[in-house]
Structures are given as C-alpha cells and as structure tokens.
Amino acid sequence: MAGIYIHIPFCRQACHYCDFHFSTQQDLRSRFVDAVQEEIRLQRDFLGNETVETVYFGGGTPSLLPPEELDQILRTLHSTFRITTNAEVTLEANPDDLQTGPLARFREAGINRLSIGIQSFQDDTLRFFNRSHSASEAFQRVEQARHAGFDNISLDLIYGIPDKPLSAWQADIARALRLQPEHLSAYALTLEEKTVFGHWHKMKKLIPADDESVAQQFEYLMAELDKAGYEHYEISNFCRPGFISRHNSAYWRGVSYLGLGPSAHSFRGQTRQHNIANNALYIQSIAQGVVPFTLEVLNDAERINEIIYTGLRTRWGVDPSILKFQFGFDLVDRRRALLRRLEDSGWLMWQEKHIALTRKGKLVADQIATDLFIDDAELAELKKSF
Ligand code: SF4
C-alpha cells in the first residue's frame, strides 16, 4: 500500500506562526494546477505497482482551489495510479472556503475527509494569529460540512498561546467537542524563526508560554478527550474509534508515499526526495520535463532513530524486535539501564513486546526519544562485533 500527498502552495494571507511553504500571490495558480498534473505523469513509476490507499491535499490552503481544479488533479491521479475504491481522500480546508456550494462540489470531486484549520474558537486569538476567519464562521462551517454529508471531519487546534489562561483552552476544547468531530489534532504553538511570531520573539515583543502551562494544557486535553471517548493514537492526534487518519498513520509506519508539488517530500525505503520549495522554479522545471528535487539517502542510524522517534509518538510504541531484525540494534540490551529508569519513573511502559510512552511520558516525548537514539559511531562499533 502507498499514499499520495499533494502540496497546494497558496494561502489567502500569511498566518503569523506558519513556516510551511506557501505564497499569497495567486497569479501562478492555474499554471501550478497544470504543472502538478504533469508531475503526476512524470512520477507515474515512483510507487511501482503499489496500490494507493490514501490521497491527501495539504498546504498551503488546498480549499482555495476551485473544486473543478481539484477534480482535474484527482482525475489525473486516478488515470495514472491504482487508487483503491475506498481510498481516504482528505482535503485540508480553512473555514472561510467552506460555503455550501463548494462543499457539495468537493464531495462530488471525491473528497471524503475534511481536515479543517480552526486553530481557536476565540476571535482575539484568531486576529493575533492573522487567521482569515472568525470563530462563529468556523463553528458554522463545520456544521455546514456535516449537512453537506461529510462524515469524517478533523479539526485542528493550537494551544500554548502566550498570555492565554488555561480557561481559554478549556473553552476551545469544549466548543470543538460540541461539534463532535471524528478526529482532532492539537499542536503546541512554536515560535518558528522565519515567521512574524519568530521575529516578534527575537525582538522580545513576544514571550512564549512557559513549559508548565503548556504541559498543563496538554494534560487537560488528554484527560478531556479520553473522557469524551477519543483514542489518543499519536502525540498530536485523537480520534473516535475507527477514525484514525489512514494517511498520517502510513507515514508513521514507514509506508512509501509520493509527494507532489513544491516543497513536498516523497519517501521510499531508504530515500527521501524533497521537491524545490519555490512555485515559479517548480513550474519552470516541470515544463522542461524535470521534477526538481534533492535526494536524501538515510543511513541505518537515521532510520533506527526515525523508527524510535515516530514509534514513541504513537500509541503502538516501538517494537524492539524490528530494530534487532532489520539493523542488528538490540535496543533492550543496549539501553537496559535507561529503559528501566524510564519505566520506574512512570514515563515508559511495556505493552506486550512494545515499549510505549505513558501519559506522563508523552509530556517529554522528544527528550525520551533523543535519549534512546543511536549515533553512527555506536552503530559501527556494534556492527564490528557481529
Ligand atoms: S497556517 Fe495554513 S492558512 Fe495559515 S499560512 Fe500556514 S498554510 Fe496558510
């Protein structure tokens, strides 16, 4: 099985926290739509004979594309790849694009899952973020999506906002739950360097929320969603039973995927391809029949660390026998003392033969993963002793 990701690199306006690749100039949009279809044709052999189970339009703001352009791209995908009839086809959408007319046409085009960028249900926060919608609009559009027949809806929220009390986050969660989404993604705000927030931070005009209040908000989120019957299946992702994001979980399981469009990544076994993050250069290169990407070949230590990092973020955890079988790295043996310490401190647990994070461990997931990592020198040493 395989997945396809299509990056739509346009946004109405730039959110102050966002460092994804996008342009607010839309003059290249229709040339981009032609180029991405050409890239589909150029990349037709990338997935070999694998069946495509998920298609994901991300961005940027894919819902800015008129439904007929999405329809064209989907038709080209269907005529080029073997896409299963029950494939999960997700569209990331901003609330302001989800009027009743486009909603119906997105469905007709074959979109069966919406991932809606709500971020907050509070107008002052939305203005602070420079989002292009209001809180009431967001609420209303999710309801309209429901009426239009979407039965698999994910909402995105952001927490850890400077100067926002826990009560504001509690209100956001309560409003989100009232909409009964099948899936919810929640991300702690980070002040990325090349963003407006990053700039304000550098100028000392914006102070990040302290770790303790971010942790408190995350703990509240886990407890509330658990009470509401959601499964916490990945650090930032929760779902009602049966509504895991099939596309994202394929990433975490190391399944091959093809990324199309500027800045998209593709993955196959040991290699990752990174498409150029520039709309004009991308279009130019595709017009000459060349997909503009750089190739990254992952070495064994990088692959091991990726398995540890992504595995620990999921509720399935890490299966040490895979690391031993594939790379000769006996995690249990090599990290015995550390694993015991983490277990005794209540950060880590054994789930049958997998190691997974406890609720407390999820608060420091990155740190625990880094502590378990292996470097090239240790792996080389290990291989010598085989
Ligand atoms: S958060 Fe989404 S809508 Fe906002 S700038 Fe980033 S990609 Fe565009």
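Predicted, not measured: the structure shown is a model, and the values here were computed from it.

(A) Expanded view of the pattern of salt bridges. Overall, the coordinates contain 25 salt bridges when judged by the stated rule. Between Arg-240 and Glu-182 there is a salt bridge, with its nearest N and O atoms 3.9 Å apart. Taken together, the positions of Arg-240 in the loop between β8 (237–239) and α9 (246–252) and Glu-182 in the loop between α6 (166–178) and β6 (183–188) put the pair 58 residues apart, joining distant regions of the chain. Given a relative accessible area of 6%, Glu-182 falls into the buried group. The salt bridge involving Asp-333 is made with Arg-336; its shortest N-O contact spans 3.4 Å. A relative accessible area of 44% places Asp-333 in the partly exposed class. Residue Arg-336 is classed as partly exposed on the basis of its relative accessible area, which comes to 42%.

(B) Molecular detail of the pairing of strand β13 (residues 348–351). With four bridges connecting them, β13 and strand β14 (residues 354–357) associate as antiparallel partners. Within β14, the position partnered with Met-349 by the bridge is Ala-356.

(C) Structural context of the environment of Asn-278. Positionally, Asn-278 belongs in the loop between β11 (271–275) and α10 (279–287). A C-alpha to C-alpha distance of 25 Å links Asn-278 and His-247, two positions 31 residues apart in sequence. Setting aside chain neighbours within four positions, we find Asn-278 in contact with His-21 and Pro-262.

(D) Focus on the domain arrangement of the protein chain. With domains assigned, the protein chain is organised as domain 1 (2–251) and domain 2 (300–384). A straight line from the C-alpha centre of domain 1 to that of domain 2 covers 30 Å. Here domain 1 packs against domain 2, burying approximately 1000 Å² in sum over the two surfaces, 60% of which is carbon and sulfur. Considering only the surface of domain 1 that becomes buried against domain 2, Met-222, Tyr-233 and Ile-235 emerge as the three largest contributors, covering 44% of it. At the boundary of domain 1 with domain 2, the tally comes to three salt bridges. The partner of Glu-231 in a salt bridge is Arg-315, with the nearest N and O atoms 2.7 Å apart. Our count for the domain 1 to domain 2 interface comes out at six residue pairs in polar contact (both at pLDDT 80 or more). When residues of the side of domain 1 that touches domain 2 are traced back to their parent elements, those giving at least two are α8 (211–227) and β7 (231–234). Element by element, the count of residues in the side of domain 1 that touches domain 2 is highest for α8, at six residues. Of the residues belonging to the side of domain 1 that touches domain 2, the class tally is seven nonpolar, two polar and four charged.

(E) Structural context of the packing of aromatic side chains. On inspection of all chains with the given rule, the structure shows 16 aromatic pairs. Look at Phe-10 and Phe-32: their rings are 5.6 Å apart centre to centre, the planes differ by 75°, and that puts the pair in the edge-to-face class. Of the two residues, Phe-10 is situated in the loop between β1 (2–8) and α1 (29–42) and Phe-32 in helix α1; the sequence distance between them amounts to 22 residues. The same class applies to Phe-10 and to Phe-32, which are both buried. Aromatic side chains Tyr-159 and Phe-218 sit 6.1 Å apart centroid to centroid with 5° between the ring planes, which places their arrangement in the stacked category. Of this pair, Tyr-159 sits in strand β5 (residues 153–159) while Phe-218 sits in helix α8, placing them 59 residues apart in sequence.

(F) Quick look at helix α2 (residues 67–80). Taking 1.5 Å per residue as the helical rise, α2 with its 14 residues ought to reach 20 Å, and the 20 Å between its terminal C-alpha atoms agrees with that figure. Among the residues making up α2, those that are buried are Pro-67, Glu-69, Leu-70, Ile-73, Leu-74, Thr-76 and Leu-77. In this structure, the buried side of α2 is in contact with β1, α1, β2 (52–59), β3 (83–93), α3 (100–109) and β9 (257–260).

(G) Molecular detail of the environment of Val-214. Within the secondary structure layout, Val-214 lies in helix α8. The contact partners of Val-214, leaving out residues within four places of it in the chain, are Tyr-159, Gly-160, Ala-188 and Ala-209.

Parameters and conventions
Residues numbered from 1 in each chain as written. Predicted model: local features only at pLDDT ≥ 70, side-chain atom pairs only at ≥ 80, totals over all residues. Heavy atoms only, no water. Salt bridge = Lys/Arg side-chain N within 4 Å of Asp/Glu carboxyl O. Helix = DSSP H or I, 4+ residues; strand = E, 2+ residues; numbered from the N terminus. Buried < 20%, exposed > 50% of the residue type's maximum accessible area, 1.4 Å probe, protein only. Pairing = 2+ DSSP bridges. Contact = heavy atoms within 4.5 Å. Domains from an automatic or database assignment. Buried area = accessible area lost by both parts, 1.4 Å probe. Polar contact = N/O pair within 3.5 Å; in protein donor to acceptor, adjacent residues only side chain to side chain. Nonpolar A, V, L, I, M, F, W, Y, C, P; charged D, E, K, R; others polar. Phe/Tyr/Trp six-rings, centres within 6.5 Å; stacked < 30°, edge-to-face > 60°. Expected span 1.5 Å × (residues − 1).

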